[in-house]
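# Observations on chain architecture
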Amino acid sequence: MSIFREKLEKCARVNDSRVVLALDLSVSTRKKDYREKLLEMVRRVLGDVREHIAGVKVNFQLLLPLGLFEGIQVLIEDAAGYGLPVIMDCKLNDVGHTNEWAARHFFDAGFDALIANPFVGWKDGLERVFSVAKEYGRGIILLVYMSHPGAVEGYGQKVISGRKVRFQYEVFAERAKAWRADGVVVGATRPEIIRRVSEIIGGELPILSPGIGFQGGLIGEAFTAGASYAIVGRSIYRSENPKESALRIKTEINRVLG
Ligand code: BMP
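Residues numbered from 1 in each chain as written. Predicted model: local features only at pLDDT ≥ 70, side-chain atom pairs only at ≥ 80, totals over all residues. Heavy atoms only, no water.

So, about the pattern of salt bridges. Considering all chains together, one arrives at 16 salt bridges under this definition. Salt bridges sharing partners connect three or more residues here, namely E100, R104, D124, R128 and E135. (Salt bridge = Lys/Arg side-chain N within 4 Å of Asp/Glu carboxyl O.)

Along the chain, the position of E77 falls in helix α3 (residues 60-81). Judged by its relative accessible area of 57%, E77 falls in the exposed class. Linking E77 and G110, residues 33 residues apart in sequence, is a C-alpha distance of 8.6 Å. (Helix = DSSP H or I, 4+ residues; strand = E, 2+ residues; numbered from the N terminus. Buried < 20%, exposed > 50% of the residue type's maximum accessible area, 1.4 Å probe, protein only.)

Residues L23, L114 and V197 are the most contacted members of the largest nonpolar core, which totals 92 residues. By residue number, the principal contributor to this core is α3, which donates eight residues. Look past the residues within four positions of L114 in its chain and what remains in contact with it is M88, C90, L92, A103, F106, F107, V129, G139, I140 and I141. (Core = buried A, V, L, I, M, F, W, Y, C linked by side-chain atoms within 4.5 Å. Contact = heavy atoms within 4.5 Å.)

A separate point is the packing of α3 against helix α4 (residues 96-108). The relative placement of two packed helices comes down to the angle between their axes together with the axis-to-axis distance. Relative orientation of the contacting elements α3 and α4 amounts to 70°, with a least axis distance of 10 Å. Comparing their axes, α4 and α3 come out roughly perpendicular. Of α4, the residues touching α3 (which contributes L63, L68 and F69) are H105, F106 and D108. Tallied by class, the residues present in the contact of α3 with α4 amount to four nonpolar, one polar and one charged. (Axes fitted to C-alpha atoms, helices over the stretch in contact; angles between N-to-C directions. Parallel < 35°, antiparallel > 145°, perpendicular 65-115°, else oblique. Nonpolar A, V, L, I, M, F, W, Y, C, P; charged D, E, K, R; others polar.)

Quick look at the structure:
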C-alpha cells in the first residue's frame, strides 16, 4: 500500500471520517487583496473541520490565484500539521513529458497524491506519471466515472476492448487495478456504477465519490453501493457552520457503513 493510502486510512481511522474536503472556495481576482482573503477563508474552513475529515482536495480554483509555491504552501503546511493528506485535483490529461513535469512540481510542492485522467492511455501518457509517483512515494487516483450528466458521453460510452463490447468505465476500472493506482473516482450520482466498479476492483482500491449534496448524490446510495470516501465541497464550506456540516456528513456515512 502506498504512503498516501496509509496516510488517508490513518486519518479516516483517527478522525472516524470518510469525508475528503473539496476546498473549492473562490474570491474574484478583481477584488483588492484577493489572495490574502482567499487564503484566510480556506485556512479558516480547514481549521474548523479538520477533526471531521480524512483528507483535503485542492483544485485549480485555489492553485491559480494562490500559486503552487506561494499560498498553496501555507495550506499544505496547515494540512500536514493536522496530519491530513492533500490531493491535487489536476485531472492530469496530456502527453507524457508535460504530465511528468506537472507531477514533479505538484509532488515537490508537497501534495500527497494527484488525480489523473485515464483517457490519455498508458504509453507516453500516464506511464511517466506513475513512475514519478513511485519515485516520490506519492499516490495517483484515476477518474473512472465522473459525477456530472455529460460523463455518459465519455466514461459511459461503449467501447471495443479485446473482442468484447464493454463500457469505457469498466475498462478504466480494470486499468486502475493493473496500473496499481491508489484510488478511483466514481460519481456519487451513479450508485449503480459505483457497484459495478466495486465488483471489478474487488476492494483492492478505495472509491472516492464526489457529487453528494449539491450535485444530487445521496450518502446512503453511494456507500451502500461500495463508495469508500465522499469528496464533499459546497455542502460543507458553503454552509453556515462548516464544522457541524462536516460532522453531520461523517456521522451519516458512518451510520450507513454500520
Ligand atoms: P461539490 O461537493 O461542491 O459538488 O464538489 C465536488 C468536488 O468534487 C469538486 O471539487 C469537483 O471538482 C470534484 N469532482 C466532481 O464533482 N465530480 C467528478 O466527477 C470529479 C471530481 O473531482
